[in-house]
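Report on the structure
Listed here are the chains, written in short residue letters.
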Amino acid sequence: MRGAVIHAPGDVRFETLDDPKILHPTDAVIRTAVTCVCGSDLWPWRGLEPIGDAHPMGHEYVGFVEEVGSEVTAVKPGQFVVGSFATSDNTCANCRNGFPSNCLHREFMSTCQAEYVRIPNAQGTLVATDEVPDEELWPGLLAVSDVMGTGWWAADAAEVRPGSTAVVVGDGAVGLCAVIAARERGAERIIAMSRHASRQKLAREFGATDIVTERGAEGIARIKDLTGGIGADSVLECVGTAQAMRQALHSARPGGSVGFVGVPHDVSVDGAELFFSHVGLRGGPAPVRRYLPDLVERVVTGRIDPGKVFDLTLPLDQVAEGYRAMDERRAVKALLKP
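Note that the structure is a prediction, hence the values are computed from the model and not measured.

With respect to the overall build of the chain
Secondary structure summary: the chain contains twelve helices and 18 strands in total. Over its C-alpha trace the chain gives a radius of gyration of 19 Å, about what one expects of a compact globule, namely 20 Å for 338 residues. Across its three principal directions, the C-alpha atoms of the chain cover 60 × 40 × 40 Å. For the chain, the proportion of its 338 residues judged to be buried stands at 54%. Here the contacts in the chain between residues at least 6 apart in sequence split such that 67% fall between residues at least 24 apart. For the chain, the exposed area adds up to about 14300 Å²; of that, 47% sits on carbon and sulfur atoms. Of note, the chain has its 33 positive side-chain charges centred 5 Å away from the centre of its 44 negative side-chain charges.

Some points on the pattern of salt bridges
Tallied over the full model, the rule gives 20 salt bridges. When the shortest N-O distance is used, the salt bridge between Arg13 and Asp11 registers 2.8 Å. For the salt bridge of Arg298 with Asp294, the shortest nitrogen-to-oxygen distance reads 3.0 Å. With a gap of four residues between them, Arg298 and Asp294 both fall in helix H11 (residues 288–300), about one helical turn apart. In this structure, a network of salt bridges that share partners links the residues Arg183, Glu184, Asp294, Arg298 and Arg303.

What to know about a negative patch on the surface
Residues Asp130, Glu131, Asp134, Glu135, Glu136, Glu297 and Asp305 make up a contiguous surface patch of negative charge. If you trace the backbone, Glu297 turns up in helix H11. Its relative accessible area of 47% is what places Glu297 among the partly exposed residues.

Looking at the packing of helix H6 (residues 173–184) against helix H7 (residues 197–206)
Remark: H6 packs on H7, axes separated minimally by 8 Å, with the N-to-C direction vectors making an angle of 20°. Looking at the two axes, H6 sits roughly parallel to H7. By crossing handedness, the relation of H6 to H7 is classed as right-handed. Touching Leu176, Val179, Ile180 and Arg183 of H6 are Arg199, Leu202, Ala203, Glu205 and Phe206, all from H7. Of the residues that constitute the contact of H6 with H7, the class distribution is six nonpolar, no polar and three charged.

Looking at the sheet that holds strand E2 (residues 11–16)
Here we have three strands laid out as an open sheet, ordered E2-E1-E4, and antiparallel in their pairing. Because the sheet does not close on itself, it has two edges, and the strands there are E2 and strand E4 (55–56). As defined by bridge partners, strand E1 (residues 2–8) adjoins E2 across six bridges and the pair is classed as antiparallel. Counterpart to Ala4 in the pairing with E2 is Phe14.

Focus: the packing of aromatic side chains
Taken as a whole, this structure holds seven aromatic pairs when the rule is applied. Relative to Phe108, the ring of Phe85 lies with its centre 6.4 Å away and its plane at 5°, an arrangement referred to as stacked. Highlighted residues: Phe85 in the loop between strand E6 (80–82) and strand E7 (86–87) and Phe108 in strand E8 (residues 107–108), separated in sequence by 23 residues. Phe85 gets classed as buried once you look at its relative accessible area, which sits at 10%. Each residue in the set Phe64, Phe80 and Trp138 is aromatic and connected to the rest through ring pairs, giving one cluster. Positioned above the aromatic ring of Phe99 is the side chain of Arg290, whose terminal nitrogen or guanidinium carbon lies 5.1 Å from the ring centre.

The rules behind these values
Residues numbered from 1 in each chain as written. Predicted model: local features only at pLDDT ≥ 70, side-chain atom pairs only at ≥ 80, totals over all residues. Heavy atoms only, no water. Helix = DSSP H or I, 4+ residues; strand = E, 2+ residues; numbered from the N terminus. Rg over C-alpha atoms; globule rule 2.2 N^0.38 Å. Buried < 20%, exposed > 50% of the residue type's maximum accessible area, 1.4 Å probe, protein only. Contact = heavy atoms within 4.5 Å. Areas by Shrake-Rupley, 256 points an atom, 1.4 Å probe, with all protein chains shown as cover. Lys, Arg positive; Asp, Glu negative; His and termini not counted. Charge placed at Lys NZ, Arg CZ, Asp CG, Glu CD. Salt bridge = Lys/Arg side-chain N within 4 Å of Asp/Glu carboxyl O. Patch = residues over 30% accessible without salt bridge, like charges linked within 9 Å, V, L, I, M, F, W, Y side chains within 5 Å. Axes fitted to C-alpha atoms, helices over the stretch in contact; angles between N-to-C directions. Parallel < 35°, antiparallel > 145°, perpendicular 65-115°, else oblique. Left-handed = near helix turned anticlockwise from the far one by under 90°. Nonpolar A, V, L, I, M, F, W, Y, C, P; charged D, E, K, R; others polar. Pairing = 2+ DSSP bridges. Phe/Tyr/Trp six-rings, centres within 6.5 Å; stacked < 30°, edge-to-face > 60°. Lys NZ or Arg CZ within 6 Å of the ring centre and 35° of its normal.

Listed below in structure tokens is the structure:
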């Protein structure tokens, strides 16, 4: 088969790779329907995460089951399935407590920008649709495997409630999906922080009621102005930088909550400052598997359309252009078709 391999910063190649095989009785192999480039893939692309030896890339996927191991009964060959970027058995104590992304047998997916993918822990990870969905739904279902599930986790962790005010820090695919999640969870006012006109437009389409273009101290001051000097009930941090975290923590009201889902890079939190702020803080890798049945249903019924975050579609063999376009902010998110 063929798939994406990163060799060095700025160097992703489409290469011939070994076909995936069933290695354990809990595995499945799927044929990729569509896959994509994630904003978190840009960290190694930009040289901000170590790469080490050349290795495959990609952790978002939907596709058709080709083969299953002897212990996999939840899905069968021919079915269309959606999974999570973090695999899980869905039976261990952490999974039962609602955190399958911290499963005791967790494996993070890392080979999905390819024609075929081996899925560990397939019994607990994969969710089959009732029938093969129309192709126009594939981007939305692909978003559910990570960015929509992560946006939902941001809203959940930030305790977005009906009638509340929510601030979304970040206008990438996760931030835009977080706007959808805040709306679906009943937020009355959703303030999206964005400096890009095309992303502002999509944020409003997804449910944002206000746009804040300022950043840093000015951005915090603007949020305070919009909330009567108090701050927001919920802040959804969807970037992962030190500036974004500071902005999120200082934009929440006393007693408010911050959900942080951007993978942290050089982020530190002042314990004393957090202590006296009365702001709650929760985050981590999104427990996507917990949300999959609900989110798949919302996409299939047309209630939400997170697939709109894909504003560039490329053949899989042009994956490197997908990285470049996202790195240069010519695209929010690149969809890849095998």
